[in-house]
Amino acid sequence: MELLDALRGTGAVRDFTAESVDRATLWRILDVARFAPNGGNRQAWHVTVVEDPAQRAALRDLYVEPWSEYFAQVMAGVTPWSPLADRVAEEGIIDAARASGQGMETVRARVESTFAAPVQLVVHGDLHRLVATDRDLGHYTMVAGASIYPFVWNLLLAAREEGLGGVLTTMHARVEAQVNELVGAPEGLSLACVVLLGHPVHQPTRLRRESVESFTTVDRFDGPAFTA
Ligand SMILES: Cc1cc2nc3c(=O)[nH]c(=O)nc-3n(C[C@H](O)[C@H](O)[C@H](O)COP(=O)(O)O)c2cc1C
């Protein structure tokens with residue numbers, strides 16, 4: 001498909017048909033994804049293709065609690081797990097939602113549909129090979145993950161070209177130790193995301209995003225909006 005159409009219109013897919021995806025197709029997708037830019041060309045990604053039914057079920061189940069916590073925070077109008085969030089207020093929101101059980105049906109339905117995806121990929125970054133130029137700044141780091149996520153986005157775009165859809169998910173980071181144990185990831189491997197792929201029931205192409213002017217300024221952060 002046209003590059004600009006793909007870049008502007010590849011929305012998250014969380015509903016999949018029952019059609020399977022063969023290994024050759026997934027291999028081709030990974031073969032394209034590997035050309036993503038990454039710090040120092042260290043290619044510090046590792047993909048675990050989870051095929052075993054018991055492993056897949058465990059991965060799905062591990063998603064439920066973080067997703068319900070995410071949902072509770074969204075419902076409360078806060079940005080879930082923002083690095084600068086008030087942790088006490090955040091816990092209060094999550095505890096209240098847990099106590100009420102509100103929204104759990106919605107949460108479970110979403111988890112079921114998302115994890116019905118025939119392809120489930122656990123993506124790790126190798127901390128021994130990641131170039132993290134902001135490592136010593138003493139605040140939340142941005143740079144390390146930037147060597148992994150372009151690879152993941154390439155993967156999603158390549159999947160689209162194959163007629164597939166999918167979604168990058170990060171809820172499992174909340175239960176990283178269990179995921180690492182599940183797939184036997186060694187020390188020094190950090191969970192980047194779990195990617196679900198399959199044949200979409202519907203591929204969203206009309207995405208809602210803010211305008212260029214809303215996030216681009218000239219000369220200074222508080223400078224005038226950049227316009228054409
Ligand atoms: C870093 C990152 C983390 C995400 N985590 C999740 C997730 O855990 N679960 C999920 O269903 N979608 C996840 N998404 C998909 C976003 O929710 C989605 O891109 C966003 O809502 C915009 O929807 P659209 O791309 O379909 O327009 C994630 C996307 C990114 C880039």
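So, a few notes on the structure that sits alongside this text. Just so it is clear, the model here is predicted, and its values are computed rather than measured. (Residues numbered from 1 in each chain as written. Predicted model: local features only at pLDDT ≥ 70, side-chain atom pairs only at ≥ 80, totals over all residues. Heavy atoms only, no water.)

1. Here we look at the site of the ligand
Close to the ligand lie Gly11, Ala12, Arg14, Tyr63, Trp67, Val167, Leu168, Thr169, Thr170, Met171, Leu207 and Arg209, which account for all nearby residues. Take Ala12: an N or O atom from its main chain is 2.8 Å from an oxygen atom of the ligand. In this structure, an oxygen atom belonging to the ligand sits 2.9 Å away from a main-chain N or O atom of Thr170. Compared with its free state, where it exposes 630 Å², the ligand has 62% of that area covered by protein. (Near = heavy atom within 4 Å. Polar contact = N/O pair within 3.5 Å; in protein donor to acceptor, adjacent residues only side chain to side chain. Areas by Shrake-Rupley, 256 points an atom, 1.4 Å probe, with all protein chains shown as cover.)

2. Side note on the packing of helix α3 (residues 53-75) against helix α4 (residues 87-100)
Where α3 meets α4, the axes come as close as 9 Å, and the angle between the chain directions of the two elements is 110°. Regarding the angle of α3 to α4, the classification is roughly perpendicular. The segment α3 lies against α4, with Glu65, Glu69, Ala72 and Gln73 engaging Glu90, Ile93, Ile94, Ala97 and Arg98. For the contact of α3 with α4, a count of residues per class yields 4 nonpolar, 1 polar and 4 charged. (Axes fitted to C-alpha atoms, helices over the stretch in contact; angles between N-to-C directions. Helix = DSSP H or I, 4+ residues; strand = E, 2+ residues; numbered from the N terminus. Parallel < 35°, antiparallel > 145°, perpendicular 65-115°, else oblique. Contact = heavy atoms within 4.5 Å. Nonpolar A, V, L, I, M, F, W, Y, C, P; charged D, E, K, R; others polar.)

3. Comments concerning the nonpolar core
Core analysis: the biggest nonpolar cluster contains 25 residues, and Val123, Phe151, Val152, Leu155, Val195 and Leu197 have the highest contact counts within it. At the level of elements, α2 (23-33), β2 (119-126), α6 (149-161) and β4 (189-198) are the ones that each hand at least two residues to this core. Excluding residues within four positions of it along the chain, Val123 makes contact with His46, Val47, Ile148, Phe151, Val152, Ser190, Leu191, Ala192, Cys193 and Val195. Counting 24 residues, the second-largest nonpolar core is a separate cluster that includes Val64, Trp67, Val167 and Val175. (Core = buried A, V, L, I, M, F, W, Y, C linked by side-chain atoms within 4.5 Å. Buried < 20%, exposed > 50% of the residue type's maximum accessible area, 1.4 Å probe, protein only.)

4. Some remarks on helix α5 (residues 104-114)
Of the residues making up α5, those classed as buried are Val107, Val111, Ser113 and Thr114. An end-on view of α5 places all buried positions within 165° of arc, on one side of the element. (Arc of directions from axis to C-beta.)

5. Section: the pairing of β2
Burial of β2 is extensive: 8 of the 8 residues sit out of reach of the surface. Residues of β2 alternate between two faces, with Val119, Leu121, Val123 and Gly125 on one and Gln120, Val122, His124 and Asp126 on the opposite face, all of them buried. Where strand β1 (residues 45-49) lies against β2, 5 bridges are found, and the strand directions are antiparallel. If you follow Val49 over to β2, its bridge partner there is Leu121. Here 8 bridges tie β2 to β4, and the two strands are oriented antiparallel to one another. Paired with Gly125 across the bridge in β4 is Ser190. (Pairing = 2+ DSSP bridges.)

6. Some points on the sheet that holds β2
Read across the sheet, 4 strands follow the order β1-β2-β4-β3 without closing on themselves; strand pairing throughout is antiparallel. The two strands at the open ends of the sheet, each matched to only one other strand, are β1 and β3 (165-169). Pairwise comparison of adjacent strand axes, ignoring direction, gives a mean angle of 25° for this sheet. Pairing of β3 with β4, which is carried by 5 bridges, proceeds in the antiparallel orientation. Bridging from a neighbouring strand, Val167 pairs with Leu196 of β4. Across the face of the sheet, helix α7 (residues 176-183) comes into contact with β1, β2 and β4 while running at roughly 75° to β4.

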